[in-house]
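Descriptive structure summary
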Amino acid sequence: MEEEAERRREVESRVVEKVGEVIKEIERAKHAEQVICALHSLAVLLFPIDFSHLLGSIDERCKDQIVSAKVHSANEREDWWKAFYQGYAFPTLARVLLLDVAPNWLTCFPLSAKKLVYDVFFVNGLSTAVVQVLAPCLQHSGRDLVDVNAVQSNVERLLVLCLLDNGGVLKMAIEFAVSPQSEDTINESLKSAVSRVAQIVTSIPDKARLKAPPLLSSHLFFKQISIQLLTGMVERLAISNKSDMVVNFLFVGEIYSRICRRGSSDVLLSEVTPQILRHVRSCLSPNTDVVDTDVFESSPESKFWLKITEAITDPYTVERISEQLLRQLATEHASDIEAYWVLWILFRQLLKRQSSVRSMFVDKFLLWKVFPICCLRWILQFAVLECPPITNSQTKGHKTTNGLLDTVQRLAAVWSKRDFVQSAPVEQQAYITAAVGLCLEKMSKEELDKTKDVMHSILQGVSCRLESPADLVRKMASTIALVFSKVVDPKNPLYLDDSCNGDSIDWEFGLTTAEKGTLSISNAEKHIDETGTSTTLTLTKDFTHPADGGKGSNVKSKSKKSSEFSLVDPDEIVDPATLNYESASDGNDDKDASENSDSSDDSLQPYDLTDDDTDLKRKISQLVDVVGALRKSDDADGVERALDVAESLIRASPDELTHVAGDLVRTLVQVRCSDVSVEGEEESAEEKRKRALIALVVTRPFESLETLNKLLYSPNVDVSQRIMILDVMTRAAEELANAKTMKPKHQIGPLISTISEPQPWFLPSNVGPPGAGSWREISDTGTLLNWSNRYERELPLKPGQVKRGKTRRWSLRSGNIQEGQIEWSQNKFLLYAAAFMLPAMQGFDKKRHGVDLLGRDFIVLGKLIYMLGVCMKCASLHPEASALAPPLLDMLRSREVCHHKEAYVRRAVLFAASCVLVALHPSYIASSLVEGNLEISEGLEWIRTWALQVADSDTDRECYTMAVSCLQLHSEMALLASRALESAESTFKTESISLSSSPFKGTIKIPHSNVEY
């Protein structure tokens, strides 16, 4: 041993001495051939080089030196190679090669010389030593006047050549396996060396320049080394002993852990998943689903995959690989049996030995993550049921493990909490609902009785979801109720929803796996889908358009019948009795015509005189009769006839409407359409009542709104009536905002009159009858020379005189109003905006008997905020919006409203805040900032900060998208307000008004900018 150590030290000293000589020759060199000869003198001592390839590329002076160079034997060459790479000689020479030869001489080398005397030191060297020298040079600084680009480009070329083209990463695994440290056991120094080299290799893509070769990008680099290690390790599995493979797997596991830590687990699993799936399919028999576990346990390839998984000791890496493996299997359309055996091969030992892995599958993957439903079935089958799936028969009735009962109990406890329903994203709620349902499908009634509190949790979760305004959440409740009822009593399933009919259940609930970024932000509009007493707020945020697009959007399309109204002459006399059954008669015209056309003498039948008393019923033609008929709840026919004619009579606007408006509103609100309508026609009667109420609010706003606002917080009405009141106010506001009336245009005459007529002296006088036209010159064709001009004009017709023409005009307008004297007046809502909004906002946060908007009645609160937002949108860019915005913002800013637990309310607040941004005129915002109106500036700043908070942290996807849209509107508003401020400032300067150094007493921020105004 002493002689061997002495010989090794002697070889090391000779190697270091030779390297020093080569470096001195390189420093003294004046030509590239001298550098080539110096490197060749060392290379032939380390590598078997054929010098004949160099002779044709250098001059005669260096040929003799190359031919006469000393060459070692194979044993001496091996000793020199080990001493060169395992000592200090290689790092010393490598620094000269990379920082001196590469920028100064390498471009002058012939290709053969570059390969044989330069690249050979890196390609045929010790890969672990080479990568530790090359990787730090990727970030070499420009000291000592070195060409940094030349150095870095050469290093990148060498890394691609050594690690990718020549399998350098696999060589590292082999080098660690045959190192002296791995002869007995894996000690800590070897683990430290493996970890250090793995960290250097995986950090190369991060250190490479932007202009580096594409193969050094993270995606391609990690893909290449993953393929290299997988294929190489499979080949070595048959020829290596057990101790060597342990070290190999240690290095592979460390490399894979580093790849996953750097966020490229998808790249790794895209190569691993097809290979292991191919192995599983080769072991499965196509004729049967039953597979003996010995088939997989005895397979060498199965052992190979298990060893790789066991070599990965980082818990985070195990989690990322497991998660990405499930998603890759779903992408590969793996069957349930294939996915089960893939998970069994990779994780069966870890699931038994490591509690963290079991917790990852049964807790984190079921309660915190969201996978496709097929992945959820695989997780339950592998980690909970712990048995292969049986596809040819139902699995219910098999021996249930304790893991299933414990899992159902944990899932049901989380699923039943009201806080989870309020705060969890819809995707996560659907995922856990599917997990609960799939577990219940595997259980029997006896097994369900063994669990604790599962039945109570299921019933509690179903009840709190049925109260939700979201249709999807209610569908989850009905689905779980159906599955639970089949467990309790399979012969009597409970159907709470028509969509649950059928044997198969859609556990995806129609949801897709798309992420947040796929949602559209710009084209969004808000509408409310009304279904009885519970309401779904479907937010489609089209805030930038005026309120005319949302008319009638509160009602289902199949029953929607928009209130159409035409322009009428206010002086026209209308008989209310003729309007009673106008709509009904119009609808029956075609039917009567068809019956008359088909009638003949042979088809005449005698009348049935038993029901002649129906014709004797008095027709309702007065509003007082409508009120009286609606109050008789026991007369269903009378109530129905009153609802049929109510809207027409109200639209006619008789004189008595002012006096009976309040009583009529109260009576219409208190009518129970479900009690007086035929089964199946309740929705039609409900729509008639709504249209009548809308007509009342439009024709008599003050009287109707006074009663509606009192009823809104009255303890004598229920939730459905409050929702109807708010829907009526919303649609009435939109109708008033879109109303058009005709009135004579106000003619503005000259303020200063002149004594003489303002026309040339040669024109005739304008004196004449009213309505006479202006004078115009006419040509006279009598003579060529006209010494005088002739003029004519049109005169109005004399009384009683009729001028007949070919065209006749029919119109409801008065004939004495000319076209130029008519103008259109729009948006009648502005006069009544305060009556709509202020009483409704007053006392919303007070808890009264039967009224709790901040708690139980959150649906009414969401409807109220939505109605206020629509009102602001109807008053857009008018002074009324500026007056009503501060109290609305104060309401929205209250913590109980903007931070409400229900996403339904938060969506409504975002909609109302966006409507405020659209409604306020930029000039008003600018003047408010100049005058120091802190209410507006603080309110707008709150919208910005709160929307940012919602976009960053809210769990509801629709809240997130609406917050982003709100921020866009805020930035547009801030930009327009800043322009208005700049124009105002320039105006002040031109008028020489002395201003203080800070004339603006408020601030308004533009997002993504440092500018404040």
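Residues numbered from 1 in each chain as written. Predicted model: local features only at pLDDT ≥ 70, side-chain atom pairs only at ≥ 80, totals over all residues. Heavy atoms only, no water.

**Concerning the overall build of the protein**
Here is the rule we go by: By definition, any uninterrupted DSSP run of H or I lasting at least four residues is a helix, any uninterrupted run of E lasting at least two residues is a strand, and each is numbered from the N terminus. Here's how the labels work: a residue is buried when its accessible area is under 20% of the maximum for its type, exposed when over 50%, partly exposed in between, all with a 1.4 Å probe on protein chains only. Residue burial considers only the protein chains on display, and all accessible areas are found by Shrake-Rupley using a 1.4 Å probe.
When its secondary structure is counted, the protein shows 43 helices and six strands. When burial is assessed residue by residue, the protein has 47% of its 1013 residues classed as buried. A total of about 53,400 Å² of accessible surface is found on the protein, and carbon and sulfur atoms cover 51% of it.

**Looking at the nonpolar core**
In plain terms, the rule: Definition used in this section: a nonpolar core is a set of buried Ala, Val, Leu, Ile, Met, Phe, Trp, Tyr and Cys residues joined via side-chain atoms within 4.5 Å. Contact criterion: two residues are considered in contact whenever any of their non-hydrogen atoms come within 4.5 Å of each other.
Phe84, Phe121, Phe122 and Phe361 are the most contacted members of the largest nonpolar core, which has 183 residues in total. Looking at this core element by element, the count peaks at twelve residues for helix 19 (residues 336–353). Beyond its immediate chain neighbours, meaning those up to four positions away, Phe84 contacts Val15, Val19, Leu42, Leu46, Ala89, Phe90, Leu93 and Phe121.

**What about the environment of Leu138?**
Position of Leu138 among the secondary structure elements: in the loop between helix 8 (127–134) and helix 9 (148–165). On the basis of relative accessibility, which here comes to 2%, the residue Leu138 falls in the buried class. Considered as a pair, Leu138 and Val151 are 13 residues apart in the sequence and their alpha carbons are 8.2 Å apart.

**Thoughts on the packing of helix 15 (residues 265–283) against helix 17 (residues 300–311)**
Filter applied, for reference: Convention adopted: a line fitted to C-alpha atoms gives each axis, helices being fitted over their contacting stretch, and angles between N-to-C directions are expressed from 0 to 180 degrees. Whether a crossing is left-handed or right-handed is set by the direction in which the near helix is turned from the far one by less than a right angle, anticlockwise for left-handed and clockwise for right-handed. Throughout this entry, Asp, Glu, Lys and Arg are counted as charged residues, while Ala, Val, Leu, Ile, Met, Phe, Trp, Tyr, Cys and Pro are counted as nonpolar. The remaining residues, Gly among them, count as polar.
Remark: helix 15 packs on helix 17, axes separated minimally by 10 Å, with the N-to-C direction vectors making an angle of 145°. Here helix 15 runs over helix 17; the crossing is left-handed. Across the interface between the two elements, Val272, Gln275, Ile276 and His279 of helix 15 pack against Glu301, Ser302 and Trp305 of helix 17. Its residues assigned to classes, the contact of helix 15 with helix 17 comprises three nonpolar, three polar and one charged.

**A look at the side chain of Arg465**
Just so we agree on the cut-off: In this tally Asp and Glu are treated as negative and Lys and Arg as positive; neither His nor the chain ends contributes. Here, a salt bridge means any Lys or Arg side-chain nitrogen found within 4 Å of an Asp or Glu carboxyl oxygen. Any pair of N or O atoms that falls within 3.5 Å is considered a polar contact. Within protein, one atom must be able to donate a hydrogen and the other to accept it, and sequence-neighbouring residues count only if both atoms are side-chain atoms.
The topology assignment puts Arg465 in helix 26 (residues 454–466). The side chain of Arg465 is buried and forms no salt bridge, while Glu467, the nearest opposite charge, is found at 11 Å. Only 2.7 Å separates the side chain of Arg465 from the backbone oxygen of Trp415, close enough to count as a polar contact.

**So, the environment of Thr202**
Mapping Thr202 onto the fold places it in helix 11 (residues 188–202). Accessibility expressed as a relative area gives 0% for Thr202, which makes it buried. C-alpha separation for the pair Thr202 and Ile255, spaced 53 residues apart in sequence, amounts to 7.1 Å. In this structure Thr202 touches Phe222, Ile255, Arg258, Ile259 and Arg262, once residues within four positions along its chain are discounted. Polar side-chain contacts of Thr202 include one of 2.8 Å to the backbone oxygen of Ala198.

**Considering helix 24 (residues 426–441)**
Selection criterion: One fewer than the residue count of a helix, multiplied by 1.5 Å, yields its expected span.
The first and last C-alpha atoms of helix 24 sit 22 Å apart over 16 residues, in line with the 22 Å expected at 1.5 Å per residue. When you tally the buried positions in helix 24, you get 13 out of 16 residues, the bulk of the element.

**Quick look at the confidence of the model for the protein**
Defined as follows: In predicted models, pLDDT denotes the confidence assigned by the predictor to each residue on a 0 to 100 scale.
When pLDDT is averaged along the protein, the result is 78, and 75% of the positions lie at 70 or above. A low-confidence stretch, residues 513–602 stays under pLDDT 50, and its non-local contacts, those more than four residues away or across chains, total 147 contacts. A low-confidence stretch, residues 991–1001 stays under pLDDT 50, and its non-local contacts, those more than four residues away or across chains, total twelve contacts.

**Focus: a nonpolar patch on the surface**
Heads up, the condition is: Note that patches include only residues with greater than 30% relative accessible area and no salt bridge, and the join distances are 9 Å for like charges and 5 Å for nonpolar side chains (Val, Leu, Ile, Met, Phe, Trp, Tyr).
Taken together, the side chains of Met455, Leu459 and Val488 make up a nonpolar region of the molecular surface, amounting to roughly 240 Å² of accessible area. Mapped onto the elements of the fold, Val488 is located in helix 27 (residues 471–488). Of the residues examined, Val488 reaches a relative accessible area of 32% and is grouped as partly exposed.

**Things to note about the pattern of salt bridges**
Scanning all chains against the criterion turns up 39 salt bridges. A salt bridge links Lys82 to Glu78; the shortest N-O distance between them is 3.6 Å. Of the two residues, Lys82 and Glu78 both sit in helix 5 (residues 74–86), four residues apart, roughly one turn of that helix. Classification of Lys82 as partly exposed rests on a relative accessible area of 38%.

**Some points on unusual backbone geometry**
A positive phi angle is found at His333, which is not glycine, with a value near 55°. Note that His333 resides in the loop between helix 18 (315–331) and helix 19. Phi at Glu386 is positive, roughly 55°, even though this residue is not glycine. Here Glu386 lies in the loop between helix 21 (373–385) and helix 22 (402–415). A relative accessible area of 43% means that Glu386 is categorised as partly exposed.

**What to know about helix 35 (residues 719–737)**
Between its terminal C-alpha atoms helix 35 stretches 27 Å, which fits the 27 Å expected from 19 residues at 1.5 Å a residue. Here helix 35 lies mainly inside the structure; 17 of its 19 residues are buried.

**A few points about the packing of aromatic side chains**
Under the convention used in this document: Side-chain rings of Phe, Tyr and Trp, where Trp is taken by its six-membered ring, are said to pair if the distance between their centres is within 6.5 Å; with planes under 30 degrees apart they count as stacked, over 60 as edge-to-face, and otherwise as tilted.
Scanning the model with the defined rule gives 28 aromatic pairs in all. Relative to Phe304, the ring of Phe249 has its centre 5.8 Å away and its plane inclined at 50°; by these criteria the two rings are tilted. With Phe249 in helix 14 (residues 242–261) and Phe304 in helix 17, this pair connects stretches of sequence that are 55 residues apart. The exposure classification of Phe249 matches that of Phe304, with both residues buried.

**Let's talk about the state of the cysteines**
To keep things clear, this is the line we draw: Here, two cysteine sulfur atoms that lie within 2.5 Å of each other are counted as a disulfide.
Per the counting criterion, the structure on display carries zero disulfides. In this structure Cys375 is a free cysteine whose sulfur lies 4.2 Å from that of Cys374, the closest cysteine sulfur available. Residue class for Cys375 comes out buried when judged on its relative accessible area of 0%.

**Some details on the packing of helix 15 against helix 18**
Quick note on the threshold: The cut-offs work like this: below 35 degrees is roughly parallel, past 145 is roughly antiparallel, 65 to 115 is roughly perpendicular, and the gaps in between are oblique.
One can describe the packing of helix 15 onto helix 18 by two numbers: an axis separation of 9 Å at closest approach and a directional angle of 60°. By the angle between their directions, the pair helix 15 and helix 18 is classed as oblique. Between helix 15 and helix 18 lies a crossing of right-handed hand. Residues Ser265, Asp266, Leu268, Leu269, Ser270, Thr273 and Leu277 of helix 15 form the contact with helix 18, whose participating residues are Arg320, Ile321, Gln324, Leu325, Gln328 and Leu329. Among the residues making up the contact of helix 15 with helix 18, the classes are represented as six nonpolar, five polar and two charged.

**Let's talk about the environment of Thr730**
Checked against the element boundaries, Thr730 lands in helix 35. Judged by its relative accessible area of 1%, Thr730 is buried. The spacing of Thr730 and Met867 is 137 residues in sequence and 5.2 Å in space, taken between C-alpha atoms.

**What about the side chain of Ser226?**
Relative to the helices and strands, Ser226 resides in helix 13 (residues 218–237). On the basis of relative accessible area, Ser226 is assigned to the buried category, the value being 0%.

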